[in-house]
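Remarks on the overall topology
Letter by letter, the chains look like this.
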Amino acid sequence: MQVFVCDYTPDLNYTLIPHMVSEIHTATKERFPTAVLHRFRRDEKQDFQFFQHLYKLHKQQQPFLLIDINGVQSFIFKGEDFVPNRLSFFTDGPFTILKRLKGLQATTCMSYSDRTHDRVLDDFGIGNPKFFLPHFGASPADNPLPMAERDIGLLFVGQVRAPRPTGSFSSIFGASTDEKWIKIFDQAGEQAQFENTAPYDAVMAACDDFDMEPFKTLGDDQFAELLSHFSSWVEFQNRNRLLKSMAGLGLHIVGPAFDEVKGITDADFTFHGLQKAAGVLDFLGRSRVLLNSISVFPEGSHERLWHGAAAGTVLATDRSRYLEEYFEDGQDIAYLDYRDNSQAERLDDLAQDIGRLQSMSDNSSRIYAAHHTPRHRMQTAFDFLEQQDRLDHQ
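If you're wondering where the values come from, they're calculated on a predicted model, not measured in any experiment.

Reading guide: rules and limits
Residues numbered from 1 in each chain as written. Predicted model: local features only at pLDDT ≥ 70, side-chain atom pairs only at ≥ 80, totals over all residues. Heavy atoms only, no water. Axes fitted to C-alpha atoms, helices over the stretch in contact; angles between N-to-C directions. Helix = DSSP H or I, 4+ residues; strand = E, 2+ residues; numbered from the N terminus. Parallel < 35°, antiparallel > 145°, perpendicular 65-115°, else oblique. Contact = heavy atoms within 4.5 Å. Nonpolar A, V, L, I, M, F, W, Y, C, P; charged D, E, K, R; others polar. 1 Å grid on protein atoms, 1.4 Å probe; cavity = no way out; pocket = protein on both sides within 12 Å on 5 of 7 lines; lining within 4 Å. Points joined across faces, edges and corners; volume = space filled by probe spheres on them. Buried < 20%, exposed > 50% of the residue type's maximum accessible area, 1.4 Å probe, protein only. Pairing = 2+ DSSP bridges. Arc of directions from axis to C-beta. Phe/Tyr/Trp six-rings, centres within 6.5 Å; stacked < 30°, edge-to-face > 60°. Disulfide = S-S within 2.5 Å.

1. Let's talk about the packing of helix H12 (residues 354–371) against helix H13 (residues 374–387)
Close contact between H12 and H13 brings their axes to 6 Å; oriented N to C, the two are set at 30°. Relative to H13, the element H12 is oriented roughly parallel. From H12, Tyr-368, Ala-369, Ala-370 and His-371 reach across to H13, where they touch Pro-374, His-376 and Arg-377. Of the residues in the contact of H12 with H13, the class split is 4 nonpolar, 2 polar and 1 charged.

So this is what it looks like as structure tokens:
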């Protein structure tokens, strides 16, 4: 069986998705040694030849499997009954890409990156075979730099921008909006920011409290768009709250700054801008503590977290019920608390405590290597495909 791993993301991307695709390919080759990695949008001629090859396999009835992230590329051949055997790893919240999800062919199996997404997919009528698969990172570093030799204390990787809207989320509604929606999103905003609740779950709970049926009132598409904006707003409210609190502590930031954000872009931080994957990985390997503020995976994880673990960096991230199954606060990881006014001071103290840092790094590296590497994630994926009878070993 031929396996093709597909990537669509430019390498100049702080999310490390391109590197994650490379790790998928490497792990896949352990099971399918001839697996091919094809990077789209680099060479149009090569893309055309790749489609020709798939079409040839299709016409010859040769079994193959496509593996990709977020189902970006369409593999529908006009006028042909071409339904490729496909596995798509979805790394984003379902409501941000609802139209793409609804356009998936029935032969596409999919993963979701947070356990709360299972309900979202069901509620929006996405019927593809699905399974939970958290994000993952790189293969563990052979000899990570000891903490005493790392020259960056605190590192944040990600984008900096203002939340939209900048005030309460309910301020986006017009004067004619049913007052219930304002109350729903005011309540959900508080819960999603501070109570470790998935944005979707917070909104649905508030809808129940105020006797609102969002799917009937708004319809799938409008409700999904509203949820997408709300999820982003929650994430950047918490992220900016954290970053502003770090002023004066020598924080390094890798990633784009799209907006001027008072208290962040005018602070004494060191901004390194966009980096290729190799550059981001280099920063991780030089840093003692990685701040990873992602408030939208309360029952999952995020790829930058795992790349940090692979590099031996101590992790400071949002609390997640999935992470809590493996990592103990203060021993293996530092969980963020957006209501803790002393959090910045505690993180700065941690970044200076070389002995404690080394112990936490050793612990998290050991946990990562035992449970969360690309090999572990791909084994989970292949087990699911076996259950769905999607692997042909001939």
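2. Digging into empty space enclosed by the protein
Counted under the stated rule, the structure contains 3 cavities of 30 Å³ or more. Its residues assigned to classes, the lining of the largest cavity comprises 4 nonpolar, 6 polar and 1 charged. Here the second largest cavity defines a volume of roughly 50 Å³. Lining the second largest cavity we find Met-20, Phe-89, Phe-90, Thr-91, Ser-111, Ser-113, Leu-133, Pro-134, His-135 and Phe-136.

3. With respect to the environment of Glu-23
In this fold, Glu-23 is placed in helix H1 (residues 17–31). Given the relative accessible area of 10%, Glu-23 is considered buried. Taking the C-alpha atoms as reference points, Glu-23 and Val-3, separated by 20 residues in sequence, lie 14 Å from one another. Excluding anything up to four places from it in sequence, Glu-23 contacts Gly-137, Ala-138, Ser-139 and Pro-374.

4. Some details on the sheet that holds strand S12 (residues 334–336)
Strand order across the open sheet formed by 6 strands is S9-S8-S7-S10-S11-S12, with parallel pairing between neighbours. Across the chains shown, the open sheet's two edge strands, defined by having one partner strand only, are strand S9 (270–273) and S12. Neighbouring strand axes in the sheet, compared pairwise and without regard to direction, differ in orientation by 25° on average. Bridge count between strand S11 (residues 314–318) and S12: 3 bridges; the pairing is parallel. Counted as the bridge partner of Asp-318 is Leu-336 from S12.

5. Comments concerning helix H11 (residues 343–352)
Residues of H11 that are buried include every one of Gln-343, Ala-344, Leu-347, Asp-348, Leu-350 and Ala-351, and no others. On an axial view of H11, the arc spanned by its buried residues comes to 160°, and they lie on one face. Contacts made by the buried residues of H11 are with strand S7 (152–157), helix H8 (220–245), strand S10 (287–292), S11, S12 and H12.

6. Overview of the sheet that holds strand S2 (residues 36–39)
A sheet is described by the order of its strands in space; here 6 strands give the open sequence S2-S1-S3-S4-S5-S6, paired in parallel fashion. Both edges of this open sheet fall to S2 and strand S6 (130–132), since each of them pairs with a single strand only. Averaged over all adjacent pairs, the angle separating strand axes in this sheet is 20°, with direction ignored. Across 4 bridges, strand S4 (residues 86–89) lies against strand S5 (residues 108–112) in parallel orientation. Residue pairing in the sheet places Ser-88 in a bridge with Met-110 of S5. Of the strands in this sheet, strand S1 (2–7), S2 and strand S3 (64–69) touch helix H2 (residues 44–59), which is tilted by about 150° from S1. Strands S3, S4, S5 and S6 of the sheet are contacted by H13, whose axis makes an angle of about 150° with S6.

7. Digging into the packing of aromatic side chains
For the coordinates displayed, the defined rule picks out 27 aromatic pairs. When the ring of Phe-169 is compared with that of Phe-185, the centres are 5.2 Å apart and the planes differ by 40°; the resulting orientation is tilted. Of this pair, Phe-169 sits in the loop between S7 and helix H5 (179–194) while Phe-185 sits in helix H5, and the two are 16 residues apart along the sequence. Residues Phe-169 and Phe-185 agree in their burial class; the two are buried.

8. Examining the state of the cysteines
In total, this model carries 0 disulfides according to the counting rule given. Note on Cys-6: no disulfide assigned, nearest cysteine sulfur contributed by Cys-109 at a separation of 15 Å. Given a relative accessible area of 1%, Cys-6 falls into the buried group.

9. Quick word on the side chain of Gln-73
For Gln-73, the location among the structural elements is in the loop between S3 and S4. Since its relative accessible area comes to 18%, Gln-73 is described here as buried. Those residues in contact with Gln-73, other than ones at most four positions away along the chain, are Tyr-8, Phe-40, Phe-51 and Arg-86.

10. Describing the layout of surface pockets
In this model, the largest pocket occupies a volume close to 900 Å³. Looking at the lining of the largest pocket, the elements that each hand over two or more residues are S1, helix H4 (117–123), helix H6 (199–209), H8 and helix H10 (303–310). The element that contributes the greatest number of residues to the lining of the largest pocket is H8, accounting for 6 residues. Taken together, the residues of the lining of the largest pocket sort by class into 18 nonpolar, 15 polar and 8 charged. For the second largest pocket, the calculated volume is near 280 Å³.

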